[in-house]
Amino acid sequence: MTLVEPALATRVLERALARGGELAELYAEARQGFSLSLDDRRVERPQGGRERGACVRVVQGESSYNGYVDGVEEEDLLRVADSVAQALRGEERRPAKLGAAAPAKGYPVLARPEAVEAGRKAELLRACDARARATGAEVSQARVGYTESRRTVEVYNSEGRAASDDRTRVRLSAQVVARRNGRVETGTDTHGGHAGWELFETDPERVAERAARRALTLLDAVDAPIGRLPVVVGNGFGGVLLHEAVGHGLEADGVQKRASVYAGRLGERVAPDFVTAYDDGSRQGDWGSDGIDDEGTPTRRTTVIEEGRLSSYLYDLLRARRDGVESTGNGRRESFRHVPVPRMTNTFFAPGEATPDELIAGVDRGFYAVSFGGGQVEPATGDFVFGVSEGYLIEGGRVTAPVRGATLVGNGLEALGAIDGVAGDLEIATGYCVKAGQSVPAGVGQPHVRIRELTVGGTAA
Amino acid sequence: MNLAVAARRATEAALSAGATDAEAWAEESTSRQVRVYAGEVESLSDAGARGVGVRAFVGARSGYAYGTDLGDGGVAEVAQAARQAAEVADEDEHAGLPDQSGTTAVPDLASAELAAWSTGRKVELALAIERAARAREGVTQVENAVYSDAEGSVALANSRGFTAGYSATQAWAYASAFAGEGAELMTGLGVGLGRDPAVLDPEAIGGEAAERALALVGARQPESRRCPVVLDAFVAASFIGFIGAMLSAEAVQRGRSLFAGREGEHVADPALAVADDGTDPDGPASAPFDGEGSAARRTALLEGGRLLTFLFDARTARKAGRASTGNATRASYRSPPSVGTTNLIVEPGAEDLDGLARLAGDGLYVTDVAGLHSGVNPVSGTFSVGASGRLIENGELGAPVRELTIASDLVSMLKVVCAVGAEARWVPLGRSVKAPPLLVGEMAVSGS
C-alpha cells in the first residue's frame, strides 16, 4: 500500500521549496492500533484507532520549519507545504527526482496481530491474571495490558530519498499487587518486540508470574540502606542505567548545544577498557528496532563506547550535516505530529567475561539493583536518578534481604569510570523513552554490570 | 466542519450499528510552536489536528475507537469499530453514560487576543525570553527558549440527547538556562502560561530560568540526615499531583489507594487545604463539562486536615452510590474518559519563603526533583527522589546542594506539612496544579 505516490510527493516538495530551503522532507504515516486491559479480574477498555497524517519540513541554515496535518490527501499535503514555505524568504529551489519509496529491510511478522481474533487477546489477559494469582496467596490484584500497533511510514526528501517502512509492535505488561496485613507492594514486568503475535506463543503468562514474584518478594523487604555502596546492576531492564546516564548525553542535539557532559570528549577514555557499548536499531525483532529511522536513513549498529573510549555520538540528518558526518539512523519521532530528533534505538553494553555470581561474590557489603521503575538524567551534568523496583542487599558476597524504596543517585561519567565488572548475560528489555514531549519505544539492555561505588538513597535512617 | 454535527452523526451511527448507548467526542485544534536558540529561530512548527472518538455501550459492555476522518463515512467507521470493540469487554454493571449531563459557565476560556498575534511577534517574544536569561551575569548558555500556543474546539454528544461544545486557547513559554561550566554546570527552568501571549512576561520567564540555575552554582553533596524540608512551588505541585491521583475513586475502588476507606478522617495537617477545581478561569484544565458531559465543578478534597471526598466519574460514582464530581478526564479524542484531576489548587498560607525558612530552622530548600515517576510508588506511597536546592541554616537560605535524595511516604508527609507559603503559582508540568511552597516537618535526606 502506498500512502503518497512519488509524483504527489514531488509536487509537495516543490511547493515546500517555493521560497527556498536547503532540504525539504515529506513524512507520511498511517497508524493503527488496538489495546485491551484487564483489571480487577475484568477485561475492559478495548480500543482501536486509525490515523493518517503527514509532516512537511523545510530546513534552511540553522532553522527548520515544520507543518503537521491529520490526513494525507493531496489538498492536505499541498496546503501544509504552502504554509511551511510562507516562513521562508529565499529563491525557489528544485527537489531531486523521486522514485518509488523503497521498502526498508523488514522484520518477519509470522502472525499479524490485527488478524488474531480479539477474543484470543482477552483470553491471554485472563490467563495472565490467573497465573499471577496462582503465584502466591498474598497476590491481591493484577492489572494486565496488551497493545499492538502497526505504522506504515513513507519518507521523501529533496535530495532524492524515497523510503518506506512497515512496523509492527506488540507488548504485554503486568502490574501485580501483593498485600500482607497493612503492607501493599507492587511488581511489574513486560514482554514485547518489533514482531507479531508469535511473540506470545510460548508461555506468555510468565510476564504475570514474574511481576507477582516481585510484589511478593517486596512484602519481606527491608528499608533501603543510605550511603555510598558497591552496586551490581541486573541485566535487561538494568540497562536503563546506560540509557539514562550515558545514552542521552550522546544524542547530538544536546552535544552541539554543549548541553551534554560528553561534548568534546570523542576519543577520550570514559570507562575501563573492558567496557564497550552500542546503539543498534537494526537488531532483529528488538523493541527499539526499525528498518529505517523517521528520516529514511537505514538503521544500523553504532559503537558509542569502544573498549572504554567514547567513539560516536547519535545523529539525525540535521545534526549530522552540522558536524559534517553521516546520520547514524537515530532521527526518530513519535508520530507525524512530531519533528525528528536524535534518539536512542536499542542501547546496551556488550557482554563481558564474568558471570553474575562472580560479580556478586566480589562484594562484601553492597546493593543488587535487579530492575528499575524508571530513571531520569540531566544530560548537561550527567547527574542521574533511578528508582529501584527490585533490589537486594549483598552481604558477604551473597544476595540477602530484598530492599524497598531504594534510589540510585550519581553521575554518568563517574559511574562509567567506576565499572569494575561486566557479565556475559546480555538481555534487551522494552522501555518507552520520553524526550522533548515525544515518547518512542526504546530497547534498554545490558548484561550484569558491577559499579565500584554509587550513592544509594533510601528511607532507612 | 461543524464538530457538533460530526459528534451527533457519530452517536447516531453507533446506535445504528447496534449500540444501546453511545457518546462521541469531536475535536479540532491548531497549534504553533516557536523554538529559538542563540538569537535565531531554531524551529517553527504549525499543526492542525482533528479527530473523533466514540464510546459505544452494548448493554453493560463498552468499547472505544477513534479516527481522524470527520466526514460521514469516517465517523460511521469509527462508530462501527467502537461497537465491535465492546464485544470483547467483560460486563460492568456500573458502566454507562452519566445519569445527568450539564455545563457550567466558565468565563474567558478563549482569548481573542491570540489570533491578533502574528508569527513574527511570537518569535520576538521567544527571543526576548532568551535575551532576558542570557542577560544575567553568570549564565553560560540558554539551551532553548520555547513559545507555544493552541486554539481548540470540542463537541460532545451522547445518545441521551446531550450536545455541547466549547473553545479554549492556551499560550505558554519556557526557557532552560545553564550557569557554570563542565561538571559544575547547573540548569534552571523558567515557565509562564496564560490564555494568550500578551500575559507572558519574557523578563520574568527568562529571569526565572537564569536565577534558578545561578542559585545552584557551586552546589555540593550534603550529609545524610533527617530534617525539615521546604518544597518550592514547582516541587510542591509535583507531590500534590501524586496525592490527587491517589484520591481518584478509580484508584480507591481498585484497591490502589492508601486513602481507601478514609473519607472523613484526619489525614493531613490542618494547614494544608486542597481542592480540585474545573471551573477556575485561569486553570489550564478548566472546561464547562468533563470528558463525558458532567458539569464542571469545584470539589474540596482536604480541609481542616480532613479528607472530604474522592474524585468520581459516572461509573465510579454509580458504584459508590454517589454523584459524579465531573472528573472524567480525556487526554484527547484518542483515549476514552478516565478518572483524573482537573486543576488541583492548594490554598495559599501566610508565610513568604523567608518565613518558611525561619520556621524550618535547620534543613533543606528543594527547588528541583528528578526521577519522580520512577521514584514514587503510587500504591504504597513511599518515595525517594533525586533533588537539588539549598541548605537552610539558622533559619536562612544557605549554600547550594545537589546529588541527594529526599525520601518519605506521601501519607506521612501530608501529616507533617506544617506551614504553607503565600505565593501560589500555576505549574503546568504534567498535571495542572496551582501550589505555593510547602514546609514539610521531616524527610530523610540522603547524600554523602
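Refer to the preceding data block for the structure.
Every value quoted in this text rests on a predicted model; they were computed, and no experiment measured them. (Residues numbered from 1 in each chain as written. Chains lettered and ligands numbered in written order. Predicted model: local features only at pLDDT ≥ 70, side-chain atom pairs only at ≥ 80, totals over all residues.)

**Focus: the overall build of chain A**
What chain A contains, in helices and strands, is 9 helices and 23 strands. Its C-alpha radius of gyration of 24 Å places chain A within 12% of the 23 Å reference for a compact globule of 461 residues. Taken along the three principal axes of its C-alpha coordinates, chain A extends 70 × 55 × 35 Å. Looking at chain A residue by residue over its 461 residues, the buried ones come to 62%. (Helix = DSSP H or I, 4+ residues; strand = E, 2+ residues; numbered from the N terminus. Rg over C-alpha atoms; globule rule 2.2 N^0.38 Å. Buried ≥ 20, exposed ≤ 12 C-beta atoms within 10 Å, placed from the backbone.)

**Section: the overall build of chain B**
Regarding its fold elements, chain B presents 11 helices and 20 strands. For chain B, the C-alpha radius of gyration of 23 Å lies close to 22 Å, the compact-globule estimate for 448 residues. Taking the principal axes of the C-alpha coordinates as reference, chain B spans close to 70 × 55 × 35 Å. Taking all 448 residues of chain B together, 58% fall into the buried category. Counting only contacts in chain B whose residues sit at least 6 apart along the sequence, the fraction spanning at least 24 positions is 72%. (Contact = placed C-beta atoms within 7 Å.)

**Details of the packing of helix 3 (residues 118-135) of chain A against helix 4 (residues 206-218) of chain A**
Residue and element names in this part refer to chain A. Running from N to C, helix 3 and helix 4 point in directions that differ by 35 degrees, and their axes come no closer than 8 Å. Judged by the sense of rotation from one axis to the other, the crossing of helix 3 with helix 4 is right-handed. Within the contact between the two elements, helix 3 uses C128, D129, R131, A132 and T135 and helix 4 uses V207, A208, E209, A211, A212, R213 and L216. Within the contact of helix 3 with helix 4, the residues separate by chemical class into 7 nonpolar, 1 polar and 4 charged. (Axes fitted to C-alpha atoms, helices over the stretch in contact; angles between N-to-C directions. Left-handed = near helix turned anticlockwise from the far one by under 90°. Nonpolar A, V, L, I, M, F, W, Y, C, P; charged D, E, K, R; others polar.)

**Some words on the sheet that holds strand 8 (residues 274-277) of chain B**
Residue and element names in this part refer to chain B. Read from one edge to the other, the open sheet built from 6 strands follows the order 10-9-8-13-19-18, with strand pairing classed as mixed. Strand pairing shows two members of the sheet lacking a second neighbour, strand 10 (306-307) and strand 18 (425-427), which therefore form its edges. Its contacts with the sheet place helix 6 (residues 233-246) against strand 8, strand 13 (343-346), strand 18 and strand 19 (432-435), and it is angled at close to 125 degrees to strand 19. (Pairing = 2+ DSSP bridges.)

**Looking at the sheet that holds strand 11 (residues 301-306) of chain A**
Residues and elements named next belong to chain A. The strand order 12-11-10-15-22-21 describes an open sheet built from 6 strands, whose pairing is mixed. Bordering the open sheet on either side are strand 12 (309-310) and strand 21 (427-435), each of which pairs with just one other strand. Pairing of strand 15 (residues 346-349) with strand 22 (residues 438-446), which is carried by 3 bridges, proceeds in the parallel orientation. Bridge pairing links T347 to V444 in strand 22.

**Some words on the environment of A24 of chain A**
Residues and elements named next belong to chain A. Among the secondary structure elements, A24 is positioned in strand 1 (residues 23-39). In sequence terms A24 and L13 are 11 residues apart; their C-alpha atoms lie 6.0 Å from each other. Once residues lying within four places of it in the same chain are set aside, the contact partners of A24 are L13, A16, L17, R57, V58, P95, N157 and S158.

**Quick notes on the interface of chain B and chain A**
Between chain B and chain A, the residue contacts involve 55 residues of the former and 66 residues of the latter. It is strand 2 (residues 40-58) of chain B that contributes the most residues to the side of chain B that touches chain A, 12 residues altogether. Class assignment for the residues of the side of chain B that touches chain A results in 21 nonpolar, 22 polar and 12 charged. Summarising the sheet, strand 2 (residues 42-60) of chain A and strand 3 (residues 61-67) of chain B pair through 4 bridges and their orientation is parallel. Its bridge partner lying in strand 3 of chain B, G49 of chain A is registered against Y66 of chain B.

**A few points about the pairing of strand 11 of chain A**
Residue and element names in this part refer to chain A. As paired elements, strand 10 (residues 277-280) and strand 11 share 4 bridges and run antiparallel to each other. Residue pairing for strand 11: Y278 is matched across the bridge by T303. Two elements, strand 11 and strand 12, share 2 bridges in a ladder whose sense is antiparallel. What sits directly across from E306, in strand 12, is R309. A loop of 2 residues connects strand 11 with strand 12, the two strands running antiparallel in sequence, and E307 in this loop sits at a positive phi of about 45 degrees.

**Focus: the pairing of strand 4 (residues 139-158) of chain B**
Residues and elements named next belong to chain B. For strand 4, the buried fraction is high: 15 of the 20 residues fall into the buried class. The pairing of strand 1 (residues 21-37) with strand 4 spans 14 bridges and is classified as antiparallel. Counterpart to R35 in the pairing with strand 4 is V146. Across 17 bridges, the pairing between strand 4 and strand 5 (residues 163-179) is antiparallel. Its bridge partner lying in strand 5, N144 is registered against S176.

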